[in-house]
Amino acid sequence: MRQKLDFIDRQIIGLLQENARISLKDIASRVYLSSPAASARLDKLEREGYITGFHASVNHEMMGFNIRAFITLSVNELLKDEFLEYMNQCRNVIECNCIAGDFAMLLEVIYPDAEALEAFVAKLQRYGKTRTRIVYSTEVKHRGVITEPEIEKAC
């Protein structure tokens with residue numbers, strides 16, 4: 001059973017969202033705990049599923065993926081399982097969400113060029129109607145979950 005997070009747990013999560021490479025010693029000193037106590041809290045947060053992993057944030061453009069797009073797709077219900085299996089295999093799909101509304105799926109994809117994106121969209125149309133939006137720029141980057149110290153800044 002998940003426990004309710006306290007102020008220190010939320011601080012630890014906030015610190016890790018800012019920098020997943022922060023040392024245990026630095027976490028402990030910033031939340032005023034001993035290293036063993038901070039380690040126990042971190043283990044608990046992982047065990048209970050609040051922290052699901054530690055990841056590097058990679059610049060997709062520097063890696064050669066210059067096109068980022070969002071694609072909505074109204075999936076034919078009979079093909080949904082096959083579609084989801086395909087999505088799990090396609091590494092260019094960086095996120096696939098079931099959504100409400102006229103379209104059933106929202107994909108975020110990255111491709112090296114428009115031709116590769118176009119070929120992918122053509123394959124998707126086997127599963128249903130698509131609508132593609134290419135990203136020109138990102139004004140607000142992906143950010144972590146709001147933690148207790150940041151509540152006042154929430155909209």
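Figured I'd write up the structure that's included with this text. Bear in mind that the values here come from a model prediction, so they are computed numbers and not experimental data.

1. Notes on the overall build of the chain
- Counting secondary structure elements, the chain contains 5 helices and 4 strands.
- The N-to-C order of helical and strand elements in the chain reads α-α-α-β-α-β-β-α-β.
- Over its C-alpha trace the chain gives a radius of gyration of 20 Å, far above what one expects of a compact globule, namely 15 Å for 155 residues.
- If you line up the chain on its principal axes, its C-alpha atoms span 55 × 35 × 30 Å.
- Counting all 155 residues of the chain, 28% fall into the buried class.
- Within the chain, counting contacts between residues at least 6 apart in sequence, those at least 24 apart form 64% of the total.
- Roughly 11,100 Å² of accessible area belongs to the chain as shown, and the carbon and sulfur atoms make up 52% of that amount.
- The positive charge centre, built from 20 side chains, and the negative charge centre, built from 22, are 3 Å apart in the chain.

2. Observations concerning the environment of Gly 14
- Topologically, Gly 14 is positioned in helix α1 (residues 7-18).
- Spatially, the C-alpha atom of Gly 14 lies 6.0 Å from that of Thr 147, the residues being 133 residues apart in sequence.

3. Regarding the environment of Ile 99
- Turning to its location among the elements, Ile 99 is positioned in the loop between β2 (93-98) and β3 (105-111).
- In sequence terms Ile 99 and Leu 73 are 26 residues apart; their C-alpha atoms lie 9.8 Å from each other.

4. Notes on the sheet that holds strand β1 (residues 67-75)
- Spatially, 4 strands are ordered β2-β3-β1-β4 in an open sheet, and the strand pairing comes out antiparallel. The open sheet has two edge strands, β2 and β4 (128-134), and neither has a second partner. Put simply, the sheet's adjacent strands are angled 20 degrees from each other on average, direction ignored.
- Sheet topology note: the β1/β4 ladder contains 7 bridges and is antiparallel. Across the sheet, the residue bridging to Ala 69 is Ile 134, located in β4.
- Running at roughly 10 degrees to β1, helix α5 (residues 114-124) makes contact with β1, β2, β3 and β4 of the sheet.

5. Considerations on the nonpolar core
- Ile 71, Phe 83, Leu 107, Val 109, Leu 117, Phe 120 and Leu 124 are the most contacted members of the largest nonpolar core, which totals 19 residues.
- Elements with a contribution of two residues or more to this core: β1, α4 (80-89), β3 and α5.
- Residue contributions to this core peak at 5 residues, all from β1.
- In contact with Leu 124, other than residues within four places in its own chain, are Ile 71, Leu 73, Phe 83, Tyr 86, Met 87, Leu 107 and Thr 130.
- Leu 5, Ile 13, Leu 15 and Leu 42 belong to the second largest nonpolar core, which has 13 residues in total.

6. Topic: the side chain of Thr 130
- Residue placement: Thr 130 occurs in strand β4.
- At 3.2 Å, the side chain of Thr 130 forms a polar contact with the side chain of Gln 125.
- The residues contacting Thr 130, other than those within four sequence positions of it, are Ile 71, Thr 72, Leu 73, Phe 103, Val 121, Leu 124 and Gln 125.

7. Overview of the packing of α4 against α5
- It is the contact of α4 with α5, at a shortest axis distance of 12 Å, that shows an interaxial angle of 160 degrees. Comparing their axes, α5 and α4 come out roughly antiparallel. For the pair α4 and α5, contact is made by Phe 83, Tyr 86 and Met 87 and by Phe 120, Lys 123 and Leu 124, respectively.
- Residues of the contact of α4 with α5, tallied by class, amount to 5 nonpolar, no polar and 1 charged.

Calculation rules
Residues numbered from 1 in each chain as written. Predicted model: local features only at pLDDT ≥ 70, side-chain atom pairs only at ≥ 80, totals over all residues. Heavy atoms only, no water. Helix = DSSP H or I, 4+ residues; strand = E, 2+ residues; numbered from the N terminus. Rg over C-alpha atoms; globule rule 2.2 N^0.38 Å. Buried < 20%, exposed > 50% of the residue type's maximum accessible area, 1.4 Å probe, protein only. Contact = heavy atoms within 4.5 Å. Areas by Shrake-Rupley, 256 points an atom, 1.4 Å probe, with all protein chains shown as cover. Lys, Arg positive; Asp, Glu negative; His and termini not counted. Charge placed at Lys NZ, Arg CZ, Asp CG, Glu CD. Pairing = 2+ DSSP bridges. Axes fitted to C-alpha atoms, helices over the stretch in contact; angles between N-to-C directions. Core = buried A, V, L, I, M, F, W, Y, C linked by side-chain atoms within 4.5 Å. Polar contact = N/O pair within 3.5 Å; in protein donor to acceptor, adjacent residues only side chain to side chain. Parallel < 35°, antiparallel > 145°, perpendicular 65-115°, else oblique. Nonpolar A, V, L, I, M, F, W, Y, C, P; charged D, E, K, R; others polar.

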